Amino acid sequence: MAYLKLDHVDKTFTRGATTTEVLKDINLTIEKGEYVSIIGHSGCGKSTMLNIVAGLTTATSGGVLLEEREVNSPGPDRAVVFQNHSLLPWLTVYENVRLGVDKVFAKTKTRAERDAWTMHNLNLVQMAHAKDKRPNEISGGMKQRVGIARALAMEPKVLLLDEPFGALDALTRAHLQDSVMALHQKLGNTILMITHDVDEAVLLSDRIVMMTNGPSAHIGEVLEVALPRPRKRLELATNATYVKCRQRVLEFLYERHRFVEAA
Ligand SMILES: Nc1ncnc2c1ncn2[C@@H]1O[C@H](COP(=O)(O)OP(=O)(O)OP(=O)(O)O)[C@@H](O)[C@H]1O
Ligand SMILES: [Mg+2]
């Protein structure tokens, strides 16, 4: 049984007299605990697709099923982490995470339990030490960590990541990728992540969904990444399966579906 299913999803945007078909007949099923990445050129409709799963945008036709129930509005069962953190600047690190915890567990956890759960999740991303700082007092990578803690703390069925490491320098990015990999290994979350980065996609994913260029973008190819976990980035660089997967994605993006700037 599919845990998450995108079923014949189409999306068109209408502005005045012009209608643009962004996504055309997207079909995808994701198993529980799977890590799936979506890769494709800028503007092809990746964020639109993720937003439809999040319930932030509605599909023009078709729909999304989570555990066989249709989703069409946002909910704590699908937590999103965006490229640019969306922390509330007037709240501390602790309060930003606690807000989500209070929203989801107001009825099921006591005040003390919610406090402990907030700290537990800050510990998972190694941010407990900065709990009293405000977002403008911490680095970009730290803000993304807090965003991830906030999402994890809501115990979502699916974690939706829209280029979560996109705004970070290469070293911080690598470090955070390793953290997310370790968290996925430990917690077994179901993750749908958008990325532009071929190495990131291969390193983290069980499957890579490659999108054709828009308009009317669709899934061109799905690649299985048959690398055992836990994965170590340094060892993978020379691993034959890794190199082959990487090559396949590069070929798809830069030969078969080269980026063409829309007129
Ligand atoms: N609210 C909207 N109204 C009209 N058009 C939109 C809207 N949101 C997105 N689009 C259009 O839909 C297309 C896909 O946008 P989307 O943000 O999903 O792309 P993307 O693949 O995430 O790109 P990037 O990699 O640059 O983030 C673009 O052509 C964009 O202009
Ligand atoms: Mg996007």
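Given the structure is predicted, the values throughout are model-derived calculations rather than measurements.

A. Expanded view of the sheet that holds strand β10 (residues 219-224). Strand order in the open sheet formed by 6 strands is β6-β7-β8-β3-β9-β10, and the pairing between neighbours is mixed. If you trace the sheet from one side to the other, it starts and ends with β6 (78-81) and β10, each paired once. This sheet shows a mean twist of 20° between the axes of neighbouring strands, independent of strand direction. Here β6 runs beside strand β7 (residues 158-162); their pairing, made up of 4 bridges, is parallel. Directly across from V81, in β7, lies its bridge partner L161. Sheet strands in contact with helix α4 (residues 140-153) are β6 and β7, and its direction is about 175° off that of β6.

B. Region of the structure containing the site of ligand 1. If you check the shell around ligand 1, you find F13, V22, H41, S42, G43, C44, G45, K46, S47, T48, E163 and H196 and nothing else. Within the contact set of ligand 1, an oxygen atom lies 2.8 Å away from a backbone nitrogen or oxygen of G43. One of the side-chain N or O atoms of S47 is found 2.8 Å from an oxygen atom in ligand 1. Starting from 640 Å² of accessible surface for ligand 1 in isolation, the protein chains cover 56%. Here the shell around ligand 1 takes 3 residues from helix α1 (residues 46-54), the largest share from any one element.

What counts and how
Residues numbered from 1 in each chain as written. Chains lettered and ligands numbered in written order. Predicted model: local features only at pLDDT ≥ 70, side-chain atom pairs only at ≥ 80, totals over all residues. Heavy atoms only, no water. Pairing = 2+ DSSP bridges. Helix = DSSP H or I, 4+ residues; strand = E, 2+ residues; numbered from the N terminus. Axes fitted to C-alpha atoms, helices over the stretch in contact; angles between N-to-C directions. Contact = heavy atoms within 4.5 Å. Near = heavy atom within 4 Å. Polar contact = N/O pair within 3.5 Å; in protein donor to acceptor, adjacent residues only side chain to side chain. Areas by Shrake-Rupley, 256 points an atom, 1.4 Å probe, with all protein chains shown as cover.

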